[in-house]
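Analysis of the macromolecular model
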Amino acid sequence: MSSTGTRTQPPPRVIQAARSPIMASAFTGRKKVLLILELALLIAASIAPIVLPDYITVYATRVLILCLFALSFDLVWGYAGILSLGQSLFFGMAGYGVALLARDFGVGSIFAVLPAGTLIGFVAALLLAGFLLLGRHPSSVVFVSLGTMTGAYAADRLARGSHYLGGQNGIPSIPPMTIGSHELSEGPVFYYLVLAILVLIYLLSRFLLRSQFGLALAGLRENEQRIAFFGYKVQHLKAIIFAVSGAIAGTAGSLYAFHEGFVWPNMLGVVMSTQVVLYVLFGGSGTLIGAIIGTAIVEGLSFWLSDTYRDIWPVILGALLLLVILFRPLGLISLLLGERERVGSFGPNREEKRNAAP
Amino acid sequence: MPLLEAAGVSKVFGKLTALDGAALTVEEREFHGLIGPNGSGKSTLMKCLAGALLPTQGKVTFINTDVTSFTPPERARAGMSLKFQITAVLPTLTLYDNILLAMQARSSLLDLAFSRSRGRLHEEVMTILLQFRLADRAFDAAATLSHGQQQWLEIAMALACRPRLLLLDEPTGGMSLEERRVTGELLQPIKQHCSLVIVEHDLDFIRDICDRLTVLDQGKVLASGTVAEIQANRSVQEIYLRRA
């Protein structure tokens, strides 16, 4: 084949090259596993309050809020490769923010407090990103993780020391969140509200991560330096995803504050941050559904174990986490999803591939 | 005006002077080879051109713009593209996605979020994969490629950014003779739209594809000229004989 010949191939060859029936079918086959899993979980979550007793529904609501929080961590760590050990900072700041709005200003309308909490998370994350991510030289993973952790630690200490923020005890008995004149207290209505928000944010994240922006994030995670030489402004990319994830953590934090009815310094601190790391590692980072499954299983297990084996449950839970991390470093989700499906594929969508197939 | 002009470029690492006032001029659509013994500063000069290193002294001008202090993304956006010496394909992504990633680099974030260029770029991605004989592997992970194929994928990625100037650091490293020959063939057609600076140990390869050569020795330019001039140059023969 002459060199000029290779350059000016007629278009039909291009289409022919995309034909790879075996690969395409294997690909769509795996894709179905994920979709089935997502639908099954959605159905299970939708009928749960109907079949479960109320006190479990209340617990499940808290788990769903934590799922949202885990999703925010998964976005930065699993997709963009930024190890944020201070994710609780945005969660807790939003929680405290909306608690103050409700306590001191009497603002409890869902249409005010949720956007406010989201905004607090977004702005806080953007400011922190300005310090940690926006240098001329890319900052190291250790620098970012220690920086975010220090932020969370400092916020925790500040909240404990502040009289205005209620010190060690936090802010108790926050007035309930309202929709119009209806007060939202814990129970099935709150549950479905959280589920709806979780599904919405899940779908938006899914859309974003499957877009060409998601491909840029994958490049960022795999080899930051390489993609800078393509012309990507990697620092900007990182700051944006960091802020988006802060916003989601903020949404979760405000829901948490109103659901529990109080906020306390632990919400800001390192314990909460590491907990979310465990959820995501357990389920499988880099897949949205992995973060959800991880949170649900870890929280479900602790609920069950703390009831049945009151004294030794933390040990059992710790051992289980270790086992998963040792034998399934990619998380439980890797039992179900193959490598390609986990990493994702951004090329031609299924429709285009099917058209290209003979 | 030449496309690229580097003048008086020096790079000092602690006590080591890797480059000592090196100069390089590359015209539009010129293939320029950078040769010299090990440690002569070839890779350092490439890195200073691409922005991976900032020179201690000197000036790099690219398309009439002083790019000396530009960051790598800024240089890439100006039209420079670098293929690393060590292959740096993204192993878990498919070949297709590797190319698309390079090709979409200059799109705005909003366009990326709504995948506005995915459809438009599809044919271009397949064309470039086809050109580099990788089209039948398009949806395999890049990690499954042989070393030579990974090098080709790298060159394809560097070209997918549609550069005016391509910087190739040892593109044929670790390749078989046959693969080297094919690499030469693959590079020829890009001359229609792109200049090339290439660092390479294989002198036969360099002689076959380059228009001009610059010889570096101990961080300084020893000679620069057409392939024939360099071959006839006594001092160049000497350094290569001396080390041989």
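These lines cover the structure that appears in this document, whether it is placed above or below. (Residues numbered from 1 in each chain as written. Chains lettered and ligands numbered in written order. Predicted model: local features only at pLDDT ≥ 70, side-chain atom pairs only at ≥ 80, totals over all residues.)

The number of helices and strands found in chain B is ten helices and ten strands. Scaling as 2.2 N^0.38, a compact globule of 244 residues should have a C-alpha radius of gyration of about 18 Å, and chain B matches this with 18 Å. The dimensions of chain B, computed from C-alpha atoms along their principal axes, are 55 × 40 × 35 Å. The contacts in chain B between residues at least 6 apart in sequence include a share of 66% that link residues at least 24 apart. (Helix = DSSP H or I, 4+ residues; strand = E, 2+ residues; numbered from the N terminus. Rg over C-alpha atoms; globule rule 2.2 N^0.38 Å. Contact = placed C-beta atoms within 7 Å.)

What follows deals with the sheet that holds strand β2 (residues 16-26) of chain B. Residues and elements named next belong to chain B. Pairing is antiparallel in the open sheet, where four strands are placed in the order β2-β1-β4-β5. Each of the sheet's edge strands pairs with one partner strand only, and the pair in question is β2 and β5 (65-66). Summarising the sheet, strand β1 (residues 4-13) and strand β4 (residues 57-62) pair through five bridges and their orientation is antiparallel. Its bridge partner lying in β4, L4 is registered against F62. On top of the sheet, helix α1 (residues 42-50) reaches β1, β2 and β4; it is set at about 65° to β2, its chief contact. (Pairing = 2+ DSSP bridges. Axes fitted to C-alpha atoms, helices over the stretch in contact; angles between N-to-C directions.)

Below, the discussion takes up the pairing of strand β10 (residues 220-226) of chain B. Residue and element names in this part refer to chain B. Where strand β9 (residues 212-217) meets β10, six bridges bridge the pair, whose relative direction is antiparallel. Of the residues in β10, the one forming a bridge with V215 is A223. Linking β9 to β10, which pair antiparallel, is a turn of two residues; within it Q218 sits at a positive phi near 50°.

Another aspect to go through is the environment of A129(A). Residue and element names in this part refer to chain A. Mapped onto the secondary structure, A129 falls in helix α6 (residues 110-132). A count of 24 C-beta atoms within 10 Å places A129 in the buried class. Counting along the chain gives 19 residues from A129 to T148, while the straight-line C-alpha distance between them is 9.2 Å. Contacts of A129, omitting those with residues within four sequence positions, involve L134, K238, A239, F242 and A243. (Buried ≥ 20, exposed ≤ 12 C-beta atoms within 10 Å, placed from the backbone.)

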